[in-house]
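Observations on chain architecture
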Amino acid sequence: LIFRHLVSGEVDEVTDHGSYLSVRKSGKKQRVHLTDISNLSISDFSRRVRVHLKEDGPFGKEFVFTAKQKVTPNLFARPEIYDELVERIAKARGS
């Protein structure tokens, strides 16, 4: 899954590799293992996902991306990747 930059201030791209995310912005790259994520949050009425990290990285302690979303009549539906990531992060932590 690839997410592209849509709004200023967001990372340019996030690629899902299963056990980690590859994040790119302005030529810088970071590999973020799911176990390094402390929390995910999502903005109401948008597809913007904020990833909170346990430690600082090249983009700070958090980064934001806009998730691709299937067309749905429910304008308030969360992006599928959000729920998937929450579940996979919990499994990676052993929760």
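What this report covers is the structure whose coordinates are included nearby. Throughout this document, residue positions are counted from 1 along each chain, in the order its sequence is written. Local features in a predicted model are, by the rule used here, given only for residues with pLDDT of at least 70; side-chain atom pairs are given and counted only at 80 or more, and totals for whole chains, interfaces and linings are based on all residues. As a rule here, side-chain values come from all non-hydrogen atoms in the structure, and water together with hydrogens is ignored.

1. What to know about the pairing of strand E3 (residues 20-25)
How we decide: Pairing between strands is defined by DSSP: at least two bridges between the two strands are required. A helix here means a DSSP run of H or I that spans at least four residues, while a strand means a run of E at least two residues long, and both kinds are numbered starting from the N terminus.
Where strand E2 (residues 13-16) and E3 come together, four bridges link them in antiparallel fashion. Residue valine 14 lies in a different strand from E3, and its bridge partner there is valine 23. Here E2 hands over to E3 after three residues, with glycine 18 in that stretch at a positive phi of 90 degrees. Here E3 pairs with strand E4 (residues 28-33) via six bridges, running antiparallel.

2. As for the packing of aromatic side chains
Rule in force here: Only Phe, Tyr and Trp rings are paired, with Trp represented by its six-membered ring, and only when their centres lie within 6.5 Å; those with planes under 30 degrees apart are stacked, over 60 edge-to-face, the remainder tilted. Here, over-ring charges are defined by two tests on the NZ atom of lysine or the CZ atom of arginine: distance to the ring centre within 6 Å, and angle to the ring normal within 35 degrees.
For the coordinates displayed, the defined rule picks out zero aromatic pairs. Here the basic side chain of arginine 31 rests over the ring of tyrosine 20, its NZ or CZ set 3.9 Å away from the ring centre.

3. Describing the sheet that holds strand E5 (residues 37-42)
Here is the rule: For every element, the axis is a line fit to its C-alpha atoms; helices are fit only across the contacting stretch, and the angle between N-to-C directions ranges from 0 to 180 degrees. Any two residues whose heavy atoms approach within 4.5 Å at even a single point are treated as in contact.
Read from one edge to the other, the open sheet built from three strands follows the order E5-E6-E7, with strand pairing classed as antiparallel. Either end of the sheet is taken by a strand with one partner, and the two such strands are E5 and strand E7 (60-66). Neighbouring strand axes in the sheet, compared pairwise and without regard to direction, differ in orientation by 20 degrees on average. Relative to E7, strand E6 (residues 48-57) is paired through six bridges, and the arrangement is antiparallel. What sits directly across from arginine 50, in E7, is valine 64. Sheet strands in contact with helix H1 (residues 80-93) are E5, E6 and E7, and its direction is about 165 degrees off that of E5.

4. Points about the nonpolar core
Our working rule: By nonpolar core we mean a set of buried residues, namely Ala, Val, Leu, Ile, Met, Phe, Trp, Tyr and Cys, connected to one another through side-chain atoms within 4.5 Å. Burial status follows relative accessibility: with a 1.4 Å probe on protein chains alone, a residue under 20% of its type maximum counts as buried, one over 50% as exposed, and anything between as partly exposed.
Membership of the largest hydrophobic core comes to 19 residues, with the highest contact counts inside it found for Ile37, Phe63 and Phe65. Contributions of two or more residues to this core are made by E3, E5, E6, E7 and H1. Among the elements that take part in this core, H1 stands out by supplying four residues, more than any other. If near-sequence neighbours (up to four positions away) are discounted, isoleucine 37 is found in contact with Leu21, Val32, Val51, His52, Leu53, Lys54, Ile89 and Arg93.

5. Focus on the side chain of aspartate 16
We count it as follows: In protein, a polar contact means a hydrogen-donor-capable atom and an acceptor-capable atom, both N or O and within 3.5 Å, with residues adjacent in sequence counting only if both atoms are side-chain atoms; elsewhere, any N or O pair within 3.5 Å suffices.
Turning to its location among the elements, aspartate 16 is positioned in strand E2. A polar side-chain atom of aspartate 16 sits 2.9 Å from the main-chain amide nitrogen of glycine 18. Within the structure, aspartate 16 has its side chain in polar contact with the side chain of arginine 88 (distance 2.8 Å).

Shape is all these values report; function is a separate question.
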